[in-house]
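Given next are the chains, with one letter for each unit.
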Amino acid sequence: MNIALISEHASPLAALGGVDSGGQNVYVAQLARQLGQMGHQVDVFTRRDDEVSPDIVALGPNVRVVHVRAGPAKFIEKERLLPYMQEFAVRMGAHCAAATRQFHVAHANFFMSGLVAARLREYLGLPFVITFHALGKVRRAHQQEADRFPSSRVQIEEELVQLADRIVAECPQDRDDLIHLYGADEAKIDIVGCGIDTTEMATMGMANAREKLGLSPNEFIVLQLGRLVPRKGIDNVIRAIGHLARDHGIRARLLIVGGNTPEPDPAATPEIGRLIEIARQEGVWEQVQFFGQRPRNELKYYYSAANVFVTTPWYEPFGITPLEAMACGTPVVGASVGGIKSSVVDSVTGYLVPPQHPEALANRLACFYRNPELGRAFGRAGIRHVRSRYTWQKIAQELQPVYKRVIKGPVWASTLGEQVQSEG
């Protein structure tokens, strides 16, 4: 198949850990690579956010990243990108019209990419599948006035739920939200999660990883890794470190990896400043260490060095970091929300706790401190779990029949070209 992956704000080439760079970037990059390795031709269309990147960049065998000019060629927060999606659709359509490649299906990622895909189908009849990655109604319920997306997002999502040929839900909770909050047709929803690359994420051995990172071989280390934004609940983890000391007499070191710059900078990543203040209030400032943004090929060392990985967001459509931690043989304590409550097997590969409940989190961390063998057993179970269910090869294999169910035949872009060139 010739597949167009659309990911307007989450480029597969972006450095991870920034405010708008996280799980969706990984999802698009790894899915594209795996589909390419399986023999499909894949173009990933993403918005140009600088003036220097080539128009087309090879990502791997049979895979290209196409930079689409839509608005100024600079970083723009995703909450402000909606006005540029019309231009994105026009320019993507013009690219398709000029190309010799016939696309069979488009896979839109996020609601704004869905708008683009719907436009392409309107002109071309090109079928599209959509993965929302996050839903506006769920986000608004948790973030309320902190949600800065346009109010029209929900209406757009409601329309896309009806227009899409297939909808990919990332976990059972995502599927239920689509049905009960958006009135989605249950018959056109497929549940296909996210995955991990077992060659990229694998245990390095705790002692080796700590030596590589210059960490103490004897400390009890807790890891938080990912985007540094309030909804990720990192303040909850810091407060749990405080409870661990006060309630259990256990001193732990918390490593926080992520941010908009390689060096931790509160000016570039405002959440760091807020978290520093919370650590001071909790009396654990000396136990909290910020590492900033790290290259993807270094993440396995951080996962492997930790006694336990923690992720307690307010909500989470899926969450790739728990899978990465398990692939590295590290037990996980995660919030019982969204995809985390499906990917983490409670009392087997880790523990599930309520979100925003630092005492409950501290109690589970104390279990691992007092019983190191428990952590090692959970870590071994986690490796088996992700290798049997969550490899990118398996995810791509599960998506192939989803694509094939909507394909009506190869689609030439000439009709669309005439239309978008007249509008452009």
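Before any of the text, the structure's been laid out above.
Let us now look at the sheet that holds strand S1 (residues 2–6). Taken together, the eight strands give an open sheet; going across it, the order is S3-S4-S2-S1-S5-S6-S7-S8, and neighbouring strands pair in mixed fashion. The strands lining the two open edges of the sheet, one partner per strand, are strand S3 (56–60) and strand S8 (189–191). Each strand axis lies, on average, 25° off the axis of its neighbour in the sheet, ignoring direction. For strand S6 (residues 128–131) and strand S7 (residues 166–169), the ladder comprises two bridges, and the chain directions are parallel. Directly across from Val 129, in S7, lies its bridge partner Arg 166. Each of S1, strand S2 (41–47), S3 and strand S4 (63–68) is contacted by helix H2 (residues 85–98), which is oriented at about 150° to S2, the strand it contacts most.

Okay, the environment of Ile 221 next. In this structure, Ile 221 sits in strand S9 (residues 220–225). For the pair Ile 221 and Leu 254, spaced 33 residues apart in the sequence, the C-alpha separation amounts to 6.0 Å. Contacts of Ile 221, omitting those with residues within four sequence positions, involve Arg 210, Leu 215, Ser 216, Arg 253, Leu 255, Ala 305, Ala 306, Asn 307 and Val 308.

What follows deals with the sheet that holds strand S13 (residues 332–335). Read across the sheet, six strands follow the order S11-S10-S9-S12-S13-S14 without closing on themselves; strand pairing throughout is parallel. Where the open sheet ends on each side, the last strands, each with one partner, are strand S11 (288–292) and strand S14 (350–353). Taking the axes of each pair of neighbouring strands and ignoring which way they run, one obtains an average angle of 20° across the sheet. In terms of strand pairing, S9 meets strand S12 (residues 308–311) through two bridges, oriented parallel. Across the sheet, Val 222 pairs through a bridge with Val 308, a residue of S12. The sheet contacts of helix H8 (residues 234–248) involve S9, strand S10 (252–257) and S12, and relative to S10 the element is tilted by about 170°.

Here helix H15 (residues 392–406) is 15 residues long and its end C-alpha atoms lie 22 Å apart, about the 21 Å a rise of 1.5 Å per residue gives. All of the buried residues in H15 are Trp 392, Ile 395, Ala 396, Leu 399, Gln 400, Val 402, Tyr 403 and Val 406.

With that settled, consider the environment of Leu 275. By secondary structure assignment, the location of Leu 275 is in helix H9 (residues 270–282). Overall, the relative accessible area of 0% leaves Leu 275 in the buried class. Taking the C-alpha atoms as reference points, Leu 275 and Trp 285, separated by 10 residues in sequence, lie 9.6 Å from one another.

The next subject is the nonpolar core. With 55 residues, the main nonpolar core has Leu 5, Leu 223, Tyr 303, Leu 399 and Tyr 403 as its most contacted residues. Membership of the second largest hydrophobic core comes to 46 residues, among which are Phe 45, Leu 124, Val 138 and Ile 189.

Now for unusual backbone geometry. You will see that Asn 62, though not glycine, has its phi angle at about 70°, which is positive. By the secondary structure assignment, Asn 62 is in the loop between S3 and S4.

Thresholds, definitions, all that
- Residues numbered from 1 in each chain as written.
- Predicted model: local features only at pLDDT ≥ 70, side-chain atom pairs only at ≥ 80, totals over all residues.
- Heavy atoms only, no water.
- Pairing = 2+ DSSP bridges.
- Helix = DSSP H or I, 4+ residues; strand = E, 2+ residues; numbered from the N terminus.
- Axes fitted to C-alpha atoms, helices over the stretch in contact; angles between N-to-C directions.
- Contact = heavy atoms within 4.5 Å.
- Expected span 1.5 Å × (residues − 1).
- Buried < 20%, exposed > 50% of the residue type's maximum accessible area, 1.4 Å probe, protein only.
- Core = buried A, V, L, I, M, F, W, Y, C linked by side-chain atoms within 4.5 Å.

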